[in-house]
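Given next are the chains, with one letter for each unit.
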Amino acid sequence: MVVEYKTEYDEKIKDLLVELQQYLADIDKEGYNIVGVDYREKYFHKTMESVKENNGKILLYEENNTIVGLIVGIVNNDATMTYDFHAPKRGRITELVVSKEYRHKNIGKKLLDSMKDYLKGIGCEKILIAVFGYNDSAINFYSKNGYHIRMLDMIED
């Protein structure tokens, strides 16, 4: 079941963030992504600060009294209108990870839907998700759940 963040989950959140970063490092063809020695603590603190500063939320998935999934969402921006850009208030999902042994059980979808409900409930009209270009499974997952590619970064060989 989807549960709200509590400080008692901090160590499991760190574990999940490390698991996600290690996965990204493993699929990174250039080898830029790493899990540095201080990644666990520093990225956890950066995530918590971002949630606090940007009206965010952390939701977790609990199965058999074990936290097996995590999603982090923040408010990306208020509605914006400039001379060359017009956008509604948007939320951003910054992290979504389900422990490897619990994948393909609809946990990611439940977390995604719950975060979407939260972000829409606080006035976000759209939700952004940055996906690592080599993460085909994530691209397929988000596509199946109504998201599409808007921007692409390209890198020279």
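Computed from a predicted structure; not experimentally measured.

Caption draft 1: Spatial organisation of the sheet that holds strand β3 (residues 66-77). Taken in spatial order, the five strands of this open sheet run β1-β2-β3-β6-β7, and their pairing is mixed. What marks the edges here is a single partner per strand, and that holds for β1 (2-4) and β7 (126-129). Averaged over all pairs of adjacent strands, the angle between their axes in this sheet comes to 30 degrees, without regard to strand direction. Pairing analysis gives three bridges linking β1 to strand β2 (residues 57-63), with the strands arranged antiparallel. For Val3, the partnering residue across the bridge sits in β2 and is Leu60. Packing of helix α1 (residues 10-27) onto the sheet brings it into contact with β2, β3 and β6 (90-98), and relative to β3 it is tilted by some 80 degrees. With respect to the sheet, helix α2 (residues 39-53) is in contact with β2, β3 and β6, its orientation differing from that of β3 by roughly 50 degrees.

Caption draft 2: Structural view of the pattern of salt bridges. One pass over the structure, following the stated rule, counts nine salt bridges. One salt bridge connects Lys14 with Glu11, and the closest N-O pair in it is separated by 3.1 Å. Here the residue Lys14 and the residue Glu11 both occupy positions in helix α1, the gap between them amounting to three residues, near one helical turn. Note that Arg40 is salt-bridged to Glu11, the shortest N-O span being 2.8 Å. Here Glu11 lies in helix α1 and Arg40 lies in helix α2, a separation of 29 residues in the sequence. The class for Arg40 is partly exposed, based on a relative accessible area of 27%. On the basis of relative accessibility, which here comes to 43%, the residue Glu11 falls in the partly exposed class. Shared partners join several salt bridges into a network, and the residues in it are Glu11, Lys14, Asp15, Arg40 and Glu41.

Caption draft 3: Geometry of the packing of aromatic side chains. Counted under the stated rule, the structure contains four aromatic pairs. Plain terms: the ring middles of Phe132 and Tyr134 are 5.2 Å apart, the flat faces sit at 90 degrees to each other, and that makes the pair edge-to-face. For Phe132, a relative accessible area of 25% puts it in the partly exposed group. On the numbers, 5.2 Å between centres and 65 degrees between planes, the contact of Phe141 with Tyr142 is edge-to-face. For Phe141, a relative accessible area of 24% gives the class partly exposed. In textbook terms, an aromatic cluster arises when at least three aromatic residues are bridged by ring pairs, as seen for Phe141, Tyr142 and Tyr147.

Caption draft 4: Region of interest: the pairing of β2. In terms of burial, β2 is largely enclosed, as six of its seven residues are buried. The pairing of β2 with β3 spans seven bridges and is classified as antiparallel. Residue pairing for β3: Ile58 is matched across the bridge by Val72. Taking the residues between adjacent antiparallel strands as the criterion, β2 and β3 are bridged by two residues, where Asn64 takes a positive phi near 55 degrees.

Conventions used here
- Residues numbered from 1 in each chain as written.
- Predicted model: local features only at pLDDT ≥ 70, side-chain atom pairs only at ≥ 80, totals over all residues.
- Heavy atoms only, no water.
- Pairing = 2+ DSSP bridges.
- Helix = DSSP H or I, 4+ residues; strand = E, 2+ residues; numbered from the N terminus.
- Axes fitted to C-alpha atoms, helices over the stretch in contact; angles between N-to-C directions.
- Contact = heavy atoms within 4.5 Å.
- Salt bridge = Lys/Arg side-chain N within 4 Å of Asp/Glu carboxyl O.
- Buried < 20%, exposed > 50% of the residue type's maximum accessible area, 1.4 Å probe, protein only.
- Phe/Tyr/Trp six-rings, centres within 6.5 Å; stacked < 30°, edge-to-face > 60°.

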